[in-house]
Amino acid sequence: MTRVLSLRRLRAMLVKETIQMRRDRVTFAMMLGIPLLLLILFGFAINTDPKHLPAALVAPTQDRYTRAIVTALEMTGYYHFTYPNVSAAEAERLIADGTVSFVVTIPSDFGRRVARGDHPQILIEADATDPAVASGAVSTLGTVASQALLREAGAEAQAAQAAASQLQVIVHKRYNPEGITQYNIVPGLLGVILQMTMVMMTSMALTRETERGTMENLLAMPVSPLEIMLGKVLPYLAVGAVQMAVILGAAKVLFHVPFVGAMWLLLLGVLLFVLALVLLGYTISTMARNQMQAMQLAFFFFLPSILLSGFMFPFRGMPGWAQWVGEMLPLTHFLRLVRAVMLKGADLATVRPEVGALLAFILVFSLLALSRFRRTLD
Amino acid sequence: MSAAPATPVPATPVPAPPGSGGRPAIDVKGLVKRYGERTVVDNVSMQVETGEIAGFLGPNGSGKTTTIRVMCGLLTPDAGEGQVLGHDLRRDARRIKREVGYMTQRFSFYEDLSIAENLAFVAGLYDLRPVKKYVSDTLADLGLTSRQHQLAGSLSGGWKQRLALAACIMHNPRLLLLDEPTAGVDPKARREFWDEIHRLAAGGMTVLVSTHYMDEAERCHRINYISYGKLVARGTVAEVVAGAGLTTYVVEGGVGADLIALDDRLRAAPGVEQVAPFGAVLHVVGRDAAALKASVTRIAAEAGARATPAETSLEDAFIHFMHGAKDNMA
């Protein structure tokens, strides 16, 4: 009996642990769910070299050279001209609100200059807030365009060859000309950190009461579900405000991330986002039976948020279904908002869809939480 | 408890002792509560008169806690209806919560809050104003003013219980529901607790208290005995004991091994339902008085022991009810 390792005792421990593991359904589901989730997300959804990126074409004279260039660009697989004929002003709006990743401008004298062999130019503006998105598309540009011109020219081969060799592709990396990754990551981290802490903390809100046995007393007293919910989530707005101040301060001081937008708009975005998060956490706490389960559920939500929101990998690079899932995550919308405001100086009208989405999350989560809340101990 | 309750006791005339008619504080009929296949509360009907201290007794798992929870709106019954303080059990749960004080079986205030903070929280939820006055009055009544900043979690069992009771009566409820309030509390604290309950009842508060302790049952005006979800007996202690229709003998004489042998023989004898050793004597209980008398006198004579008739205790009656109910279940 004094041996350090007795197989009988070990067996008793193993049996007990296995039973407990099996009884905890959520943990068991997580053991299967998390590997599957990660495999599917990493395997199918994530693409670090995104293709078919939406682009707008500004070409007042849509001649055959224009078409040749457009076709050539689409053939690379990187560009997808969702707006094939827009004005310069429209194009500016499209790239500002993130509808397109590129604006290709072919000047009206392009055809004439090709014919004359007189330094034809095209301008490609890329949304470089996420440097990864633009890099692949931009790197292939020069040769593709020249070859396209050559092919198209055919008969006028000589002039065209000269023109092609003189073709200037001017690339403007907008919003983040140096392609500094921190500019993209640091504002994004604001969202990720808030998501991680807010949801985790509030997901314990009710489970803690249940576990400690104080829930019974709370329910026996005249307090309404709405009062309980608001009382539990509102204090975390203050926590979120502190976190935001720390991260934005660090962004400015340590990483020199530019901040070109309106502060009030950013604050509004953070407020809505944090509200959505604490309500999401509270919703989780109405479902979880203990704090361990709450943690796991919060983590289960955190994983896709970080992978599918466009924080780590380009949103446009994901297949349709993954983008659709991404749209269901508050972080996706917050990232768009915070990047648009901080890096692009977007105004309220530009980020209205994201503000609307965050408001919708707040509404849905509060209704869900209130309907899930058990007024009784049934 | 040594001090008067925190809240002013209503000035209504002290209600006549239980059974005086008038509208009962609790009047429920046919309550049923199921958890899946299991029927935890099975067709329980119960009346508690205003101003009485009603004991609620029964073995572990008999449905006492569930019944109390249904009465204070924490659980919705699967069947049955009733009124608590004149409010409908199903429709007016919120109003019931306002007027009822419910002390849970397990200490359910915040252990990481101080005594004063817990009281202030409760006062806030019941909308008692000014909160400060209610808290300081309650602290003074409890004699905890000097320890008000101590965390509730650091209190001993007896003090936790006093704190919980004080918090439950701070809003001056008309009905107090106590779920095994004295579990794990020492006899002196228990005595003081019951003195306090009687003081509250004298002030017009109706009290329903569940307990396992026979001495506590005997301090109630009336008792209700529940077993396996069914209410099997109700009335005053004397009524319940009489209603069980038991006869009891005390057998003394044998010591040690003799007592055990005697116990075995008595158990096997006709007419004997219960045999329980109390020190050097045996309590022998049975329903069939004639058969019991015959068996006891015969076996006592054979063993050289002395058998004398004794009063049937409440505990004997309850053990009898428990066996009866179990037989019904089988």
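Residues numbered from 1 in each chain as written. Chains lettered and ligands numbered in written order. Predicted model: local features only at pLDDT ≥ 70, side-chain atom pairs only at ≥ 80, totals over all residues.

J.: I would appreciate a short explanation of the nonpolar core in the present structure.
T.: A general feature of soluble globular proteins is that nonpolar side chains tend to end up buried together. In terms of nonpolar packing, the biggest core is built from 98 residues, with A:F102, A:A276 and A:L279 touching the most fellow members. When residues in this core are grouped by element, the largest group, 14 residues, is from helix 14 (residues 263–287) of chain A. When residues of this core are sorted by domain, at least three fall in each of domain 1 (53–174) and domain 2 (181–372) of chain A. Setting aside residues no more than four positions away along its own chain, A:A276 makes contact with A:P330, A:L358, A:F361, A:I362 and A:F365. Judged by nonpolar contacts, the second largest core, of 95 residues, contains B:Y102, B:L178, B:W194 and B:V284. (Core = buried A, V, L, I, M, F, W, Y, C linked by C-beta atoms within 7 Å. Buried ≥ 20, exposed ≤ 12 C-beta atoms within 10 Å, placed from the backbone. Helix = DSSP H or I, 4+ residues; strand = E, 2+ residues; numbered from the N terminus. Domains from an automatic or database assignment. Contact = placed C-beta atoms within 7 Å.)

J.: For this particular structure, what's the right way to read the UniProt feature "transmembrane region" (unreviewed entry) in chain A?
T.: Residue and element names in this part refer to chain A. Residues given the UniProt feature "transmembrane region" (unreviewed entry) here are residues 26–46, 185–206, 233–255, 261–282, 294–315 and 355–373. Secondary structure across residues 185–206 divides into 91% helix and 0% strand, with the first and last C-alpha atoms of the span separated by 33 Å. Within the segment residues 233–255, helix and strand shares are 87% and 0% respectively, and the terminal C-alpha atoms sit 32 Å apart. (UniProt positions renumbered as here; feature names shortened; annotations may be inferred.)

J.: Just to check I follow, could you spell out the sheet that holds strand 12 (residues 274–278) of chain B for this structure?
T.: One key point about sheets: their strands pair by backbone hydrogen bonds, in either a parallel or an antiparallel sense. Residue and element names in this part refer to chain B. The antiparallel open sheet is built from four strands, whose spatial order is 12-13-11-14. Because the sheet does not close on itself, it has two edges, and the strands there are strand 12 and strand 14 (306–310). Taken pair by pair, the neighbouring strands of this sheet meet at an average axis angle of 25 degrees, ignoring direction. With five bridges joining them, strand 12 and strand 13 (residues 281–286) adopt antiparallel strand pairing. Among the inter-strand pairings, V275 is bridged to a residue of strand 13, identified as V284. (Pairing = 2+ DSSP bridges. Axes fitted to C-alpha atoms, helices over the stretch in contact; angles between N-to-C directions.)

J.: Looking at this structure, I do not really get the pairing of strand 8 (residues 206–211) of chain B. What am I missing?
T.: When a strand is regular, its side chains alternate between the sheet's two faces. Residue and element names in this part refer to chain B. Burial runs high along strand 8: six of the six residues are buried. The two faces of strand 8 match: T206, L208 and S210 on one face and V207, V209 and T211 on the other face are all buried. In this sheet, strand 8 lies alongside strand 3 (residues 53–57) in parallel orientation, the contact comprising five bridges. What sits directly across from G55, in strand 8, is V209. Note on the crossover from strand 7 (residues 175–179) through helix 6 (residues 187–202) to strand 8: the handedness is right-handed. (Right-handed = clockwise from strand over helix to strand, strands pointing away.)

J.: Any chance you could explain the pairing of strand 3 of chain B here in plain terms?
T.: All names here are of chain B. The element strand 3 is largely enclosed, with a buried count of five among its five residues. Side chains of strand 3 alternate between two faces, with I53, G55 and L57 and A54 and F56 buried alike. Note: strand 3 against strand 9 (residues 222–227), four bridges, orientation parallel. In the strand pairing of strand 9, L57 is matched with Y225.

J.: Quick question: what am I supposed to make of the interface of chain B and chain A here?
T.: By a widespread convention, an interface's size corresponds to the accessible area lost as its parts come together. With 17 residues of chain B at the contact, the number on the chain A side is twelve residues. For the side of chain B that touches chain A, the elements supplying multiple residues, two or more each, are helix 2 (93–99) and helix 3 (115–125) of chain B. With three residues, helix 2 of chain B is the largest single contributor of residues to the side of chain B that touches chain A. Of the residues belonging to the side of chain B that touches chain A, the class tally is nine nonpolar, three polar and five charged. (Nonpolar A, V, L, I, M, F, W, Y, C, P; charged D, E, K, R; others polar.)

J.: What is the right way to look at the sheet that holds strand 9 of chain B in this model?
T.: Residues and elements named next belong to chain B. Taken in spatial order, the six strands make up an open sheet running 6-7-8-3-9-10, and their pairing is mixed. The strands lining the two open edges of the sheet, one partner per strand, are strand 6 (100–103) and strand 10 (230–235). Shown here is a sheet whose adjacent strand axes are inclined to one another by a mean of 15 degrees, direction ignored. Across the face of the sheet, helix 8 (residues 237–244) comes into contact with strand 9 and strand 10 while running at roughly 120 degrees to strand 10.

J.: I would appreciate a short explanation of the domain arrangement of chain B in the present structure.
T.: The domain boundaries assigned to chain B delineate domain 1 (26–241) and domain 2 (247–311). Taking only C-alpha atoms into account, the centre of domain 1 of chain B sits 40 Å from that of domain 2 of chain B.

J.: I tried to follow unusual backbone geometry on my own but got confused; where do I start?
T.: Glycine aside, negative phi is the norm for most residues, and most peptide bonds take the trans geometry. Here the bond from B:R129 into B:P130 is cis, since omega is -10 degrees, no more than 30 degrees from zero. Within the element layout of this structure, B:P130 appears in the loop between helix 3 and helix 4 (131–142). Phi is positive for A:Y175, which is not a glycine, with a value near 70 degrees. Take A:Y175: it is sitting in the loop between strand 5 (168–174) and helix 9 (181–202). Residue class for A:Y175 comes out buried when judged on the 23 C-beta atoms lying within 10 Å of it.

J.: How should I be thinking about the environment of B:E218 in this particular structure?
T.: Residue and element names in this part refer to chain B. Position of E218 among the secondary structure elements: in the loop between helix 7 (214–217) and strand 9. Residue E218 is classed as partly exposed on the basis of its C-beta count, with 14 C-beta atoms lying within 10 Å. Each C-alpha atom of the pair E218 and A238 lies 9.2 Å from the other, and the pair is 20 residues apart in sequence. When sequence neighbours within four positions are dropped, the list of residues in contact with E218 reads V237 and L314.

J.: How should helix 13 (residues 235–253) of chain A be read in this particular structure?
T.: Residues and elements named next belong to chain A. Taking 1.5 Å per residue as the helical rise, helix 13 with its 19 residues ought to reach 27 Å, and the 28 Å between its terminal C-alpha atoms agrees with that figure. All buried positions along helix 13 are accounted for by Y236, G240, L248 and A251. Projected down its long axis, helix 13 carries its buried residues within an arc of 105 degrees, all on one side. For helix 13, the exposed residues set more than 90 degrees away from the buried face come down to P235, A238, V242, A245, V246, G249 and V253. If you follow the buried residues of helix 13, they end up packed against helix 9, helix 12 (225–233) and helix 14. (Expected span 1.5 Å × (residues − 1). Arc of directions from axis to C-beta.)

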